[in-house]
Amino acid sequence: MSKRMKTTTRTLVLLLLLAPSAAPAREQTEEDPCAPEAQRSSQLMACAEREFKQASAELTRARAGLYADLEPPSRVKMRVTERAWLKYRQANCDAEASIYEGGTIQPLIRLRCMVRVTRERTAELKGQSRTLLGRD
């Protein structure tokens, strides 16, 4: 085996040995924004955004489930109610966050409110579905 080939082989072996140790370092830099130790505003905001997305998806499922079980006249009323509820959620969370007007925490407070109120609405709709189906 030539000297050049030996050097190349050693380099490859070293790279292969070092490669697994590089993976955990990469994982550590991609922190979970919802981890308990997350403290930076960007992490807190990313976590709230993720929670809002999850809460919105769950609300959509609950709304669709209830809607499917309703008679047509009730569906019309539900659509009207949901539009009004969306306006309420917006106004309510804007008001809650207004205490922090101009502060960097204001968007986070508003988003956390949106998560909380969305989860509450989801619970209401699920309860209505259980009542409608006689499961309460």
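Just so it is clear, the structure is predicted and the values come from calculations on it, not from any experiment.

Engineer: Requested: an account of the state of the cysteines, with residues and values cited.
Structural biologist: For the coordinates displayed, the defined rule picks out one disulfide. Each sulfur in the disulfide pair C93 and C113 lies 2.2 Å from the other. The disulfide joining C93 to C113 has a torsion of about -75° about its S-S bond and is therefore left-handed. Residue C93 is found in helix α3 (residues 72-97), and its partner C113 is found in helix α4 (residues 106-132); the two are separated by 20 residues along the sequence. Both residues of the pair, C93 and C113, count as buried.

Engineer: Could you give me a rundown of helix α2 (residues 41-69), with the residues and numbers involved?
Structural biologist: Taking 1.5 Å per residue, 29 residues should reach 42 Å; α2 reaches 42 Å between its end C-alpha atoms and fits that length. Of the residues making up α2, those classed as buried are Q43, C47, A48, F52, A55, L59, A62 and L66. Summarising the contacts, the buried residues of α2 are in contact with α3 and α4.

Engineer: Please provide a residue-by-residue account of the side chain of R89, values included.
Structural biologist: Structurally, R89 can be placed in helix α3. In this structure, R89 is buried with no salt-bridge partner, the nearest side chain bearing the opposite charge being E82 at 8.1 Å. Side-chain polar atoms of R89 contact the side chain of T118, separated by 2.8 Å. Residues within four places of R89 in sequence aside, it is in contact with F52, M114, V117 and T118.

Engineer: Can you tell me about the packing of aromatic side chains, naming the residues and giving the values?
Structural biologist: For the structure on display, the rule yields zero aromatic pairs. Taking the ring centre of Y67 as reference, the NZ or CZ of R75 above it sits at 4.9 Å.

Cut-offs applied
- Residues numbered from 1 in each chain as written.
- Predicted model: local features only at pLDDT ≥ 70, side-chain atom pairs only at ≥ 80, totals over all residues.
- Heavy atoms only, no water.
- Disulfide = S-S within 2.5 Å.
- Helix = DSSP H or I, 4+ residues; strand = E, 2+ residues; numbered from the N terminus.
- Buried < 20%, exposed > 50% of the residue type's maximum accessible area, 1.4 Å probe, protein only.
- Expected span 1.5 Å × (residues − 1).
- Contact = heavy atoms within 4.5 Å.
- Lys, Arg positive; Asp, Glu negative; His and termini not counted.
- Salt bridge = Lys/Arg side-chain N within 4 Å of Asp/Glu carboxyl O.
- Polar contact = N/O pair within 3.5 Å; in protein donor to acceptor, adjacent residues only side chain to side chain.
- Phe/Tyr/Trp six-rings, centres within 6.5 Å; stacked < 30°, edge-to-face > 60°.
- Lys NZ or Arg CZ within 6 Å of the ring centre and 35° of its normal.

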